[in-house]
Every structure is written in structure tokens, then in C-alpha cells.
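So you can see what is in the structure, the chains are spelled out below.
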Amino acid sequence: MLSTLLKRGRPFATMRPLRGLSTLAVVENAGSAPTPGSLSAITAASQLGEGNSITALVAGSNAKEVAERVSKVAGVSKVLTAVNGNYDRNLPENLATLIAENVKKHGFSHVLAPASGFGKNVLPRAGALLDVQPISDITAVESENTFVRPIYAGNALATTKSNDPIKLVSVRSSAFAQAAEDAQAAAAIEDAVDPDSPLLSEFVSEELTKSERPDLGTAQKVVSGGRGLKDKENFDKVIYPFADALGAAVGASRAAVDSGFADNSLQVGQTGKVVAPELYVAVGISGAIQHLAGMKDSKTIVAINKDPEAPIFQVADLGLVQDLFQAVPELTEKLK
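Here is a short report on the structure shown in this document. The shown structure was predicted, so the numbers you read here are calculated from the model rather than taken from an experiment.

**Remarks on the nonpolar core**
The biggest cluster of nonpolar side chains holds 28 residues, and the ones touching the most others in it are V70, V76, V79, I138 and V171. Looking at this core, the elements that each hand over two or more residues are α3 (36-46), β4 (53-59), α4 (63-70), β5 (76-82), β7 (135-138) and β11 (167-171). If one sorts the elements of this core by residue count, α3 sits on top with 5 residues. With residues near it in sequence (within four places) discarded, V70 still touches V27, P34, A56, V58, V76 and V79.

Structural data, given as C-alpha cells:
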């Protein structure tokens, strides 16, 4: 392997000194705080092995403010900050270079990030710069080089071992608890190596749908509607009042989204959001494996469907076999 790398002109991989475990946890910013997924990634980093030191990387124009929060998170020994507006909006093309430069400078053995849209975007780019293969969406840490990740829409678990000198790993947030703040913690805050490279992409604009309901990705209660609602009018009339009565976020199956019942941002499943709330209520959802992959880790699953043979009942903790157009409005009124 050494001679092959030398022939291919990759001196970095051959010159890296032997060192113990050290992890760079890439923090995704949400305003002035780290996202819940970033805190889950720190928890995963703490499970890599004894002697592992965890360094958090925070970038953006508000990096100092976020770093103050992260420095108080249990397990974090150091926080690197890159105060630079070029890293705002978590643009992966710009962040990948920053990550790669700091890995080279500090010799990190692992790089962890949340398996959100952010992590899925930035880690493959950083992997290309470092010439290593990322491991995506892990749900368990077996050892410093062995991880468990779901495959086949979550129907099987693969144990994956990496022989790469640097392990790049994205962490499924629903599989790890969020690292808590420690009042006694006070990690050192230092400047990161900032290459300040020419911008490969820049933010233009965004259009956000604002809602007073909880965010789907982090909500403790979720009500999701499926194709059984028949059309958008029924979806709006049945699901939203029910969710409001529960104080829940609204989700939808892919079938409902493809049929135009709900916005794409509400999709739960293999190709949508992966959620693990305390309570997940599936209304008119049959339970295709692609949908189950996005919600089966929920603490309590309730299914409402008139078909007693619907696959959703196989994973549900509580099931109600009844016409949803009768059951859900009655439940909504009782909850009010």
C-alpha cells in the first residue's frame, strides 16, 4: 500500500505520523447554536475508544458565538473556529477545503458529522480531498474502525470496517443521544487553519416555509399522513388540526408527497427525513419499507388504518383499525 501511494503521488498518506485517536467533529450551525444532529455526532465520537480526544470545528461569521456553546458540551476538549462569512449557510464546497486543511494540520484520525443534508454534502467532498472513503449514516460504533449502518432501506444492518488512515463518518442522529452541556466544562477555543480558498459556490437566496408547528426533524411528536387521505384537501382538513391538537409536527409518506398532498420538505422515509420522536402517529399509511426506514426508531408508534393487514401494524405499538375520516376527527375533538 505504501509503494502504491508513493507511485500515485500522494505523499500526505505516507508521511502521516503514528498517533492515537483524535476526532474532528464538524458542527452544523443553526443560527447561534449547534444542531441536534451535531450533538449526536459528538456522542458517537465519545464511543470510539478510550483516550480519544474530541475537537469541534465551527465555521461561519458567527463561529465565536456558536463555539462558546460547543465548548460547554461534555466530551469536547477543544473547539476550532473559522470566523469567515464564506462558510455561512454551511456551503459544502467551501467547508470541505477547510475540513481537509485542518485534518492535515492536526492529524485527526476520525472526522464525524451529522448524517443530515449538511453531512451528506460535505463529507464526500472532504473524502475526495483526503483520498479516503466516507462511511455514511452509522447507527452504532463497534470500535475505532468498525461501524454499523443500515442497508436495504433499513431491513438489514451492515457491519463495516475501514482500513483508511482517516475515518470519515456521518452519524444518524436518531441512533445517538444528544451530548449534553456540562456546567463544569470549558474547552479551549482556538483559531482553525483557514485556507480562505476562492469560493466554489455562493449563497443566492432561499424561500422558507414558516410555521408555528415544531420542526419535523427534531419534534418529539409527529403526525404523518399517507395516500389513504385521498387528496390534498382531506390531508389539510384531517392532519393539520390533529397535529395542532397534539402539539406535533406534520409529516407525510412519499406517496402523499408524490400525489401533491404535502410539500416535499415533509416527506418521512428513506429518501426523506429520518425521524425518531417520542410519539409517531401514522394516518392512512400502509407502511412500505421505504417509509418504515425513516420512522421505525420512534419510541412509540401509533397506526390508524382501515386495512388490518397493512404492514404498518407490524411495527406499531398501538393500532386502530378504523376509517381515518371517522377516527381522526373524533380524536382531534377529544384532544381539544
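**What to know about empty space enclosed by the protein**
A complete count under the given rule lists 1 cavity of 30 Å³ or more for this structure. Surrounding the largest cavity, V26, V27, L57, V58, A59, Y87, N90, L95 and F118 form its lining. Considering each element in turn, the lining of the largest cavity owes the most residues, 3 residues, to β4. Among the residues making up the lining of the largest cavity, the classes are represented as 8 nonpolar, 1 polar and no charged.

**Considering the side chain of S298**
Here S298 is to be found in the loop between α9 (289-292) and β16 (300-304). Among the polar contacts listed, one links the side chain of S298 to the backbone oxygen of M295, at a separation of 2.7 Å. Ignoring sequence-local partners within four residues, the contact set of S298 consists of V275, A276, P277 and Y280.

**Quick word on the packing of helix α7 (residues 232-246) against helix α10 (residues 324-335)**
The interhelical angle for the contact between α7 and α10, taken along N-to-C directions, is 30°, at an axis separation of 9 Å. Classified by the angle their axes make, α7 and α10 are roughly parallel. The interaxial crossing formed by α7 with α10 has left-handed handedness. Across from N234, V238, P241, F242, A245 and L246 in α7, the residues of α10 making contact are L324, F325, V328, L331, T332 and L335. Its residues assigned to classes, the contact of α7 with α10 comprises 10 nonpolar, 2 polar and no charged.

**Looking at the layout of surface pockets**
Roughly 430 Å³ of volume is contained in the second largest pocket. Lining the second largest pocket are 24 residues, with R227, G228, G284, I285 and S286 sitting closest to its centre. Elements represented by at least two residues in the lining of the second largest pocket include exactly α8 (254-258), α9 and α10. Partitioning the lining of the second largest pocket into residue classes produces 6 nonpolar, 13 polar and 5 charged.

**Some words on the side chain of T332**
By the element assignment, T332 lies in helix α10. Contacts of T332, omitting those with residues within four sequence positions, involve P241, F242 and A245.

**Quick notes on the sheet that holds strand β17 (residues 318-320)**
An order of β14-β13-β15-β16-β17 is seen for the 5 strands of this open sheet, with the pairing classed as parallel. At either end of the open sheet lies a strand with only one pairing partner, and these are β14 (249-252) and β17. Going from strand to strand, the sheet's axes swing by 20° on average, the running direction of each strand aside. Note: β16 against β17, 3 bridges, orientation parallel. When the sheet's bridge partners are listed, V302 is paired in β17 with L318. Across the sheet, α7 touches β13 (221-225), β14 and β15 (279-283), and the angle it forms with β13 is around 170°. Contacts from α10 reach β15, β16 and β17 within the one sheet, and its direction differs from that of β16 by about 130°.

**So, α4**
For α4, the complete set of buried residues consists of A63, V66, A67 and V70. Angularly, the buried residues of α4 cover 105° about the axis, an arc narrow enough to put them on a single face. Those residues of α4 that are buried lie in contact with β2 (29-30), β3 (33-34), β4, β5 and β12 (188-191).

**Description of the pairing of strand β1 (residues 22-26)**
The element β1 is largely enclosed, with a buried count of 5 among its 5 residues. A two-sided burial pattern is seen for β1, the buried positions comprising S22, L24 and V26 on one face and T23 and A25 on the other. Relative to β4, β1 runs parallel, the two being bridged by 5 bridges. Opposite V26, over in β4, you have L57 as the bridge partner. Pairing of β1 with strand β6 (residues 110-114) involves 3 bridges; the strand directions are parallel. Note that in β6 the partner of A25 across the bridge is L112.

Criteria and cut-off values
By convention here, each chain's residues receive numbers from 1 onward along its written sequence. It should be noted that, the model being predicted, local features are given only for residues of pLDDT at least 70 and side-chain atom pairs only at 80 or more, the latter also being counted only at that level, while totals for whole chains, interfaces and linings use all residues. Side-chain calculation: all heavy atoms of the structure are included, whereas hydrogens and water are not. In plain words, nonpolar cores are sets of buried Ala, Val, Leu, Ile, Met, Phe, Trp, Tyr and Cys residues tied together by side-chain atoms within 4.5 Å. Residue burial is assigned from relative accessible area. The probe radius is 1.4 Å, only protein chains are included, and a residue is buried under 20% of its type maximum, exposed over 50%, and partly exposed in between. Counting from the N terminus, the helices are the DSSP runs of H or I reaching at least four residues and the strands are the DSSP runs of E reaching at least two. In what follows, a contact means two residues having at least one pair of non-hydrogen atoms within 4.5 Å. Here a cavity is any set of points on a 1 Å grid over the protein atoms alone where a 1.4 Å probe fits but cannot get out, and a pocket is any open set with protein on both sides within 12 Å along at least 5 of 7 lines; a residue lines the site when it has an atom within 4 Å of a point. Grid points are joined across faces, edges and corners, and a volume is the space filled by probe spheres set on the points. Throughout, the ten residues Ala, Val, Leu, Ile, Met, Phe, Trp, Tyr, Cys and Pro are labelled nonpolar, Asp, Glu, Lys and Arg are labelled charged, and all others, Gly among them, are labelled polar. Residues adjacent in sequence count toward polar contacts only when both atoms are side-chain atoms; beyond that, a polar contact is any pair of N or O atoms within 3.5 Å, and within protein one must be able to donate a hydrogen and the other to accept it. Every angle, taken between N-to-C directions, lies between 0 and 180 degrees, and every axis is a line fitted to C-alpha atoms, over only the stretch in contact when it is a helix. Note that the term roughly parallel is reserved for angles under 35 degrees, roughly antiparallel for angles over 145, roughly perpendicular for angles of 65 to 115, and oblique for everything else. Handedness of each helix crossing follows the sense of rotation of the near helix against the far helix: counterclockwise by less than a right angle gives left-handed, clockwise gives right-handed. At least two bridges found by DSSP between two strands is the condition for calling them paired. The arc refers to the directions leading from the helix axis to the C-beta atoms.

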